[in-house]
Amino acid sequence: MNLQIESGIVEVQPRVLVRMHVEPGLRITGMSGTSWVTVDGDPEDLILEPGDTHAFKHGGRALVQALGGPSQFTREDGIVVES
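So, here is what we can say about the structure in this document. Being a predicted model, the structure only gives us computed values, none of them experimental. (Residues numbered from 1 in each chain as written. Predicted model: local features only at pLDDT ≥ 70, side-chain atom pairs only at ≥ 80, totals over all residues. Heavy atoms only, no water.)

**So, the environment of Gly 33**
Step number 1: Relative to the assigned elements, Gly 33 resides in strand S3 (residues 27-39).
Step number 2: Gly 33 sits 37 residues away from Pro 70 along the chain, and the two C-alpha atoms are 6.0 Å apart.
Step number 3: Dropping the residues within four chain positions of it, Gly 33 is found in contact with Leu 48, Glu 49, Pro 50, Pro 70 and Ser 71. (Helix = DSSP H or I, 4+ residues; strand = E, 2+ residues; numbered from the N terminus. Contact = heavy atoms within 4.5 Å.)

**Some words on the pairing of S3**
A regular strand carries its side chains on alternate faces of the sheet.
Step number 1: Of the strand pairs in this sheet, S3 and strand S5 (residues 53-55) are connected by three bridges, and their pairing is antiparallel. Bridge assignment links Arg 27 to a residue of S5, and that residue is Ala 55.
Step number 2: Bridge count for S3 against strand S6 (residues 60-76) is 11 bridges, and the pairing is antiparallel. Counterpart to Ile 28 in the pairing with S6 is Arg 75.
Step number 3: Sheet topology note: the S3/strand S4 (residues 46-48) ladder contains three bridges and is antiparallel. Bridge pairing in S4 places Val 37 opposite Leu 46.
Step number 4: Connecting S3 to the next strand, S4, in antiparallel fashion are six residues, including Gly 41 with a positive phi near 85°. (Pairing = 2+ DSSP bridges.)

This is how it looks when you write it as C-alpha cells:
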C-alpha cells in the first residue's frame, strides 16, 4: 500500500513500517506514543515522543515504526533555521 501524505496526522500501528520521503525543512511532531525514525544516509536515528519536534536537515527515504503501542505524529513542511 502506498500513502501520499503532504501534511496532517500520521498514525503508525505496532509491527508496521511506514516509509515516507522527507525533504529538508520538513517538521514532524510527536502526538502520542513513541516513534522510531531513521533516514537513509543519516547515521543518527530519532526517537519521537509526544511533544517532540524534529526538522529534517537532509532529504531522503525515512522509515518510521511505532515502539510499544500505536503512535501518531504530524508532518508539516517548513524551513530549517540554523543558528
